[in-house]
Structure formats: C-alpha cells, structure tokens
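Overview (structure and organization)
One-letter residues, chain by chain:
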Amino acid sequence: MCANSAAQLEGGNWRRRREEKARRLNKAGRIARGRVLPTGSIVAALEALIEPGDRVFVEGNNQKQADFLSRSLARVDAGKVHDLHLLISSLSRPEHLDVFERGIARKTDFAYAGPQSLRVAQLLTDGKLKIGAIHTYLELYGRLVLDLAPTVALVAAEQADAAGNLYTGPNTEDTPAVVEATAFRDGIVIAQVNELAEELPRVDLPGSWVDFVVEADRPFHIEPLFTRDPRHISEVQILMAMLTIRGIYERHEVKSLNHGIGFDTAAIELLLPTYGESLGLRGKVCTHWALNPHPTLIPAIESGWVEAVVAFGSEVGMENYTAARPDVFMTGGDGSLRSNRAFAQTAGLYAADAFVGSTLQIDRDANSSTVTRGRLAGFGGAPNLGSDARGRRHTTPAWLSMITGESEVERGRKLVVQLAETFSDGQTPRFVESLDAVEVGRNAGLPLAPVMIYGDDTTHIVTEEGIAYLYRARNLKERREALAAVAGVTPVGLKHDRSREKRLRRDGLVAFPEDLGVRRTDARRSLLAAQSIGDLVEWSGGLYNPPDRFRTW
Amino acid sequence: MSAPSIPRVHFTELSARERAKALLEAGTFRELLGPFERIESPHLSPQGVVPQSDDGVVVARGTIDGSPAVILAIEAAFQGGGIGEVSGAKIAGALELALGDAEAGTPVRPVLVLETGGIRLQEANLGLLAIAEVHAAIIALRRYVPVVGVIAGPLGCFGGMSIAAGLCSYLIMTREGRLGLNGPAVIEEEAGVAELDSRDNRRVWDIMGGEQRVAVGMADTLTEDDPDSVARAVREAFAAGLPERHRSAKVERYETRLGVIDSSQELDGQKLRSIWAEERR
C-alpha cells in the first residue's frame, strides 16, 4: 500500500480503487440485469468481476455457507482467474479446497478448518496452499477492515429485492461485518439469495452496500452444529455439570456467560431447571447469554431462568421458537431472530462473566487444544470467548471475585472454565505431557503451536474428580499441583502427590464433590430437565422443529 | 403454556431391571437368577469382552393386577441387547416354566421387554438355538395365556427376536420404538445406501417406527413413553384375554397384503397405510 500511496501522491489520484471497481462493474454490465445476475451466468459473471491476485472473501463459517457462490467459484476458468487470496471464516466445504487444487486460489487467511482440516494439511504439504495466518473470528474481521480488505465478497442471504436490499433471516451471522469491510473500500459485493422478492420482511443489509444479487440453485446450506441430543449425555457429564453449577456458577455469582459446543455444557443447560432450581439459583446466575439458540437451553428459558440471549448465528429448527420469545432473543420487526457473529463475539469477550467450554487435550500448565494428530483445525471463536479481556473496565461480582492480590490497584478477570472428563471414550487421556498441537504446528511450519485456550487465561478446570481453582494458585508449582489433583489416572494426574491434597483443599485450590456438597450418586440422567429431543419439542410447546436427523420417532 | 413436569420419568430411560419393576405391582418384584448368582456367558471373556453377571437379561417374578406374572427384560446397554447362550436360555427357560404352570392350571402372565439387535454375534450359533427355543416356547405358551411384548426403544427389536415379537399375542410400542427383521444399518450395508440411508431418521422411523407399526397393524398399542402408561397398556393387554387368532397365524391375510404391493413403486409409510387400510384388523 505504501508504494501505491506514493504513486497516488505523484499522480494526484486518490480514487484508484473506485475507478477499478467501476471498470469491473462495466465489464459485468453485459451479464447483469440491473443488480440481478442470472443464475445460469454466475460463472461468467465471476470471471468478469474477479481478476488474478484478488483478495476474495467467501462467506462460510461453521454454520452458514454461501455454497452456490463457492461451488461457482470452483468452476471458473483457472486460465482467467487464478492466484486468488481466499479469505474465509471456515474452510468447511470440499470446493473451498478444490479452488486450491485447481490453482484458482493460492493463499488463504482463515479462522477454522473443521471438516476439511486433513485436506488443508495435505495441500499445504503439496505446496498448493499457502497460509497467511490462522485467526480467531474477531481478528479476521478486524483485519478485513484494516490490512485485508476484500476486493470481492461472496455472501449469502435468504431474500433480496431488485434494489439489492438483503434479508438474511435468522442466520445473519458474519454477513454485515464482511459486507461493510468490502463495500466501504470499493470492493464488489455479490450476494446469493434463496429467492428474489418484491418486498422483504426486513432489511438486514441496505442495497447500497450490495452490487449484485443472484438467485441460488438451492437454498444456502446451514449446519445444525449446536444441537445435542440429550439421550447421549452421560452420568459423568451430569456429575461435572453439578460441580460446575455448585462450585463455580453459585460460588462466583456468574450471571452472564458463553457455553461452548458439546454434551458437557448441554448437561449444565439441562440441569438449571432441576438441580439449579433446587439450589435456589434462578435469577441469581446464568441470566444473560452470548449463545446460539441451543435447543438444550429451551427448558431453562421456559422455566424463567434466562433474561437475554445474543446469538452468533441461528440454529436449524429453532426459528419458530426464537421468534415466539422476543423478550429473550434479539428479533427484528418482522419477528424473526437477528444474529450477528461480530457483536456476539464482542459480548463474549468483553461483557460476559464466564466462558465455559469443553476441550480434547490439556497439558500440565492448563494449556488446551482441540487439535488432534494430523489435523489443522484452527480456532474459530473460542479463543475470543475463552480469554481474559484485559481492556475490560466494568465490574460484576463474578469478575471481581477473581481478584487474589491485595494491592490498591487490582483488576478482575473473566472466568475461563474448561470441562474435561479425564479420559475421552474411557480410553484416551485428556491430560497429557505435551499437546498434539505442538507437533501439528511444527509440521505445518506455523510460527506458534495452535493453542486454543492458554493456561494463563484458564481460571478453572472441572473433571469428574473435582474442580481445580487455578486462579487461586500463587505460583506455577501450585497451579500444576491443583491441576494434577483433578486429572485422575492420566499421565498428568499420576504425578499428583496425595500428601498435598489436604492442603490444596484447605487453601481452596481444589474442591472434590464432597467439599461442594455434591453426592456422586445423585448424578442421574433423571435429573436432566429433558432426556430426549422429543422432550425438548414438548418443552417448546411444539415450536422447536428438530432437523430430521435428530428425530427418533 | 404448560411445561412438562420436571424431571419427567421415561420408560426408555430405565434399565432392564427398573423396567421390570415398573411393570410389576409395587413391592412384588423378585428376581430369579439375579446378578449375584453370577450366571455369566463363558464365551465373551475369551473374545476380549467383559461379561455381565446377569448376561443382560432380567427374569423377574411378581404380580400384575393381582395375578402372578413373569417379566423377561433385555438390557440394551449390554452388548446391544444381543442374545447369547445364557441370556437366551434364561428367557426360554422362564417361558418353559410358565408353560408348565399354565398346563398345571395356574397360568403366569409372561411379558417380554424387547430391546435387542438379535443374536449376539460372539456366540452366534448358540444364540440362534436359544432364540429358536424362545419361539417354540411362545407358541406353546400362548395357547393358555396371552404373551405380551413391549418394544419401548430407543434401540428397538431386530433379528431373530423380531420374530419372537411377531409371535406375541399383543405387542406394545412407543413412538421411539422400532421393529424390523433387519435393522437400518444392516439394510444399508446389504442393499446399499440408495435402498435405505440408515442415518435418515425420518425414513427409518417411517418404515419401522412404533407409530407406523401400530398404524398398519404389525403392533397393537401405541403408548406414551412413561412407566405408568406402559404398565397400563400391559394390564389392558392381559385384560383383553387371548386374541381370537394370533397375528402370526393369519398367514393368508399377510399373503394378501404382500400381493397388493407393487414393489416396483417407491413406498412410504403413508402410502402403505392407505394400501393396507381396507383389511386392517
């Protein structure tokens, strides 16, 4: 950009980007009818609008996918369009990597690569893909408005009108952040829509931000990523949920929080109306949530636990339910949910008392990672949510309760809680000497090991053995002792010195179930407010409409 | 709106032993060959499978509506409810004892709680033999007293034990229960994913789910998934007495049913219901 600026100064031209955009729009003028691109001409349109070396943002995260546009991009003539720099939240569909196979794209900056993580590693080894960096969601959005402005953005919405106004429906997600970063730097915004409509239920993005709309061959894909069938929640997970409610939510008065994806946190959600109610905690904890509309939160909402939810995205099947609970969920004038990943991530980072999530591996210093051998999965949003926000200034009882020092100037902390049964599937230890992420990072040539949540951000670890209150440790030795005390018979737990246990418990570094008044034998599935998807439908009064794959009737 | 009572008790959440207790009158449950007798399968340990001290079948005596009863409940959590030599012998033996009682004029009410994928593969031939004995015992016994089957789910009832279900005088299902000779995963593996995608739950339950099986008369009663409702359905089945003819004796009826189906046409649950609607019951 520096070289560019010098040229601009010499020539006195400050409108190069705008002129470039106008030139390209002119090229596509032959294909478009106003702002509408004909479905059948999309490949030709992309070939006219995208040029070699462009930075192209393709909307795709762990939920919503602009899949008509990504499939079309993979079909362009690689002789005309090549060496693109692909910006994407999540590399999750086969065609996201086909473009590298075909030479259409060469480099990528992304946040997550769940289902395609093995292939990412392979293409990297083959030299067909270069990684700029792996980000968290907020970092990526930040870079879109700073040093990675997209030349072209390919996004998805439910409906558009002839003026290019977009209605995203409940799955607004990343679209506003991406479109803003593109449109206001004279990039080109192309939106695929499920249908063109005369009138929109509401306008989520104004038409003046959007250059073209195109009707997709089929509705954009959404993954029901946040649905957990209560049938698969184990009694060990229920025990851990009871410990978390008693030893963390109640003790620290956690009012606002984010829950990660998984059965561990689903168990907590389903215990609030039963176990939480028996402790008299309704209204005192868990009132405000940065959370997608988890079906397993329905019983807590229906029992009056939840005041507000801000959602990153929607969840398939929850559309009617969220629309019928506007006091709880953010909804538009049309009644349907409005989600926004950037704002919900910001809420989780700065406004929430606690992040509570599950992880696959934890080392003795409490660093944790979901990376497993050979898979380069990336980060998504978890590190934004699962880290202390040192720029936070407003106080809450939970945030203040993390203060252990006694100086005049102290700051509180976000609670970062990791739930981890000591063994996965009863076989693989979760507490390990060295994270797989270290080796994966080294093999991929990354400058740093891809750690999801750093140990120094982690305040609590919960296992079926008990809770380690890491924030109370005065030094590294105490941290390691506390963690080992709850790590069971894993390699880390076996290093635990039993003779220190009494002191760790007395000093409040470790609590076992009996210290918290939790009886292991009470951890029964009958304590779950809903024990099946069918129960969740019933709790919702028939408003929750589960996807077919979750129906067992 | 009315929220469900918290927490709701589901029959499908209960273990085999708890299910047997739920079906018998309170305080009458008495287990025969219980886990402390340690009658285990001798075939599992050599194959690296940890055996269970009741071999996954609970035989319980007690009363239903004041009459003596025997419950044979299969535990889905052990080896997918698979029938082996010992568990099969427990069921067949109990049914044969009930037959002896019936012949002596003191009938015992038999209830099969079926939650099984069929034969336990680790002891296939012996399991097959045991299941054949179960079939023979049901046919002998049902001349005297109704044999009642319960398929609550969520596993369902498949393989040789689905034939046992078909031989029962009355069959009670919940909407989550499934009944089929072959399970969906087996069909997919044998006939290909185009024939049946075993992960397509809607299609699977449309074919073999409790609602469909009751709608087309392959099972008799659709009940709610809670202990009281299932126990009530069992009591009502015995109160109805012996059926005029058992389902499995109506050979010509099922031949007619097969005859009216055009197998070149794609069928779904609703279509089958309407095709068979005329001669139901």
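Just so it is clear, the model here is predicted, and its values are computed rather than measured.

So, on to the pattern of salt bridges. Once the charged atoms of two side chains with opposite charge are near each other, the side chains can pair. Under the defined criterion, the tally for this structure stands at 59 salt bridges over all chains. Salt-bridge contacts for B:Glu115 lead to B:Arg19; the nearest nitrogen and oxygen are separated by 2.7 Å. Residue B:Glu115 is found in the loop between β4 (109-113) and α3 (124-141), and its partner B:Arg19 is found in helix α1 (residues 16-23); the two are separated by 96 residues along the sequence. For B:Glu115, a relative accessible area of 1% gives the class buried. With its nearest N and O atoms 2.7 Å apart, the salt bridge here joins B:Asp220 to B:Arg247. Of this pair, B:Asp220 sits in the loop between α7 (210-215) and β7 (221-222) while B:Arg247 sits in the loop between α8 (227-239) and α9 (251-259); the two residues are 27 residues apart in sequence, bridging distant segments of the chain. You can call B:Arg247 buried: its relative accessible area is 11%. Among the ionic contacts, a cluster of salt bridges with common partners joins A:Glu20, A:Arg23, A:Arg24, A:Lys27, A:Glu51 and A:Asp54.

With that settled, consider α9(B). Residues and elements named next belong to chain B. Among all positions in α9, only Arg 253, Tyr 254 and Arg 257 are buried. Viewed end-on, α9 has its buried residues packed into an arc of 90°, placing them on one side of the element. Those residues of α9 that are exposed and aimed more than 90 degrees away from the buried face are Glu 255, Leu 258 and Gly 259. On its buried face, α9 is in contact with α10 (269-276).

With that out of the way, let us pick up the sheet that holds strand β22 (residues 467-469) of chain A. Residues and elements named next belong to chain A. Within the open sheet, the eight strands sit side by side as β14-β13-β12-β15-β18-β21-β22-β23. Their pairing is mixed. The sheet is open, and its two edges are formed by β14 (308-310) and β23 (510-511), each paired on a single side. Alignment of strand β12 (residues 256-259) against strand β15 (residues 354-358), held across three bridges, turns out to be parallel. Within the sheet, the bridge partner assigned to Leu 257 lies in β15 and is Ala 354. Contacting β12, β13 (288-290) and β14, helix α13 (residues 341-351) runs over the sheet at an angle of about 125° to β13.

Next up on the list: the sheet that holds β4(B). All names here are of chain B. Spatial ordering of the open sheet is given by β1-β2-β3-β4-β5-β6-β7, a layout of seven strands whose pairing is mixed. Looking along the sheet, the strands with just one partner apiece sit at the ends: β1 (30-32) and β7. Both strand β2 (residues 57-64) and strand β3 (residues 67-74) contribute to a ladder of eight bridges, which runs antiparallel. Across the sheet, the residue bridging to Val 59 is Leu 72, located in β3.

Quick look at the packing of aromatic side chains now. Residues and elements named next belong to chain A. Here the structure, examined in full by the defined rule, presents four aromatic pairs over all chains. An angle of 80° between the planes, with centres 5.1 Å apart, marks the rings of Phe 184 and Trp 209 as edge-to-face. Taken together, the residues span a long stretch of sequence, with Phe 184 in the loop between α8 (175-183) and β9 (188-196) and Trp 209 in the loop between β9 and β10 (212-215) at a distance of 25 residues. Arranged with centres 6.5 Å apart and planes meeting at 75°, the rings of Tyr 469 and Tyr 471 form a pair that is edge-to-face. There is no split in this pair, since Tyr 469 and Tyr 471 are both buried. It is Arg 341 that lies over the ring of Tyr 137; its NZ or CZ is 5.2 Å from the centre.

Residue and element names in this part refer to chain A. Assigned domains within chain A: domain 1 (16-220) and domain 2 (230-537). The C-alpha centroid of domain 2 is placed 34 Å from the C-alpha centroid of domain 1. Between domain 1 and domain 2, the residue contacts involve 30 residues of the former and 30 residues of the latter. Together, the buried faces of domain 1 and domain 2 total about 2400 Å²; carbon and sulfur atoms form 56% of this surface. Viewed at the interface, domain 2 and domain 1 are joined by four salt bridges. Residues Asp 334 and Arg 202 are paired through a salt bridge, measuring 3.0 Å at the closest nitrogen-oxygen approach. At the boundary of domain 1 and domain 2, one finds 20 residue pairs in polar contact (both at pLDDT 80 or more). Broken down by element, the side of domain 1 that touches domain 2 gets its largest block of residues, four residues, from helix α6 (residues 117-125). Of the residues that constitute the side of domain 1 that touches domain 2, the class distribution is 16 nonpolar, 10 polar and four charged.

The next thing to look at is the interface of chain A and chain B. With 25 residues of chain A at the contact, the number on the chain B side is 18 residues. Taken together, both faces of the contact between chain A and chain B bury some 1900 Å²; the carbon and sulfur share is 47%. Three residues, A:Arg231, A:Trp539 and A:Trp553, lead the burial of chain A against chain B; their summed loss comes to 33% of the area buried on that side. At the boundary of chain A and chain B, one finds five salt bridges. In this structure, A:Asp548 and B:Arg202 form a salt bridge, with 2.7 Å as the shortest nitrogen-oxygen distance. Where chain A meets chain B, there are eight residue pairs in polar contact (both at pLDDT 80 or more). When contributions to the side of chain A that touches chain B are tallied by element, the ones reaching two or more residues are α10 (263-278) and α19 (533-539) of chain A. The element that contributes the greatest number of residues to the side of chain A that touches chain B is α19(A), accounting for four residues. Among the residues forming the side of chain A that touches chain B, the class breakdown is six nonpolar, nine polar and 10 charged.

Attention now goes to the pairing of strand β4 (residues 84-90) of chain A. Residue and element names in this part refer to chain A. Most of β4 sits inside the fold, with seven of its seven residues counted as buried. In this sheet, strand β5 (residues 105-112) lies alongside β4 in parallel orientation, the contact comprising six bridges. Pairing of Ser 90 across the sheet is with Tyr 112, part of β5. Handedness of the crossover joining β4 and β5 through helix α5 (residues 94-101) is recorded here as right-handed.

The rules behind each value
Residues numbered from 1 in each chain as written. Chains lettered and ligands numbered in written order. Predicted model: local features only at pLDDT ≥ 70, side-chain atom pairs only at ≥ 80, totals over all residues. Heavy atoms only, no water. Salt bridge = Lys/Arg side-chain N within 4 Å of Asp/Glu carboxyl O. Helix = DSSP H or I, 4+ residues; strand = E, 2+ residues; numbered from the N terminus. Buried < 20%, exposed > 50% of the residue type's maximum accessible area, 1.4 Å probe, protein only. Arc of directions from axis to C-beta. Contact = heavy atoms within 4.5 Å. Pairing = 2+ DSSP bridges. Axes fitted to C-alpha atoms, helices over the stretch in contact; angles between N-to-C directions. Phe/Tyr/Trp six-rings, centres within 6.5 Å; stacked < 30°, edge-to-face > 60°. Lys NZ or Arg CZ within 6 Å of the ring centre and 35° of its normal. Domains from an automatic or database assignment. Buried area = accessible area lost by both parts, 1.4 Å probe. Polar contact = N/O pair within 3.5 Å; in protein donor to acceptor, adjacent residues only side chain to side chain. Nonpolar A, V, L, I, M, F, W, Y, C, P; charged D, E, K, R; others polar. Right-handed = clockwise from strand over helix to strand, strands pointing away.

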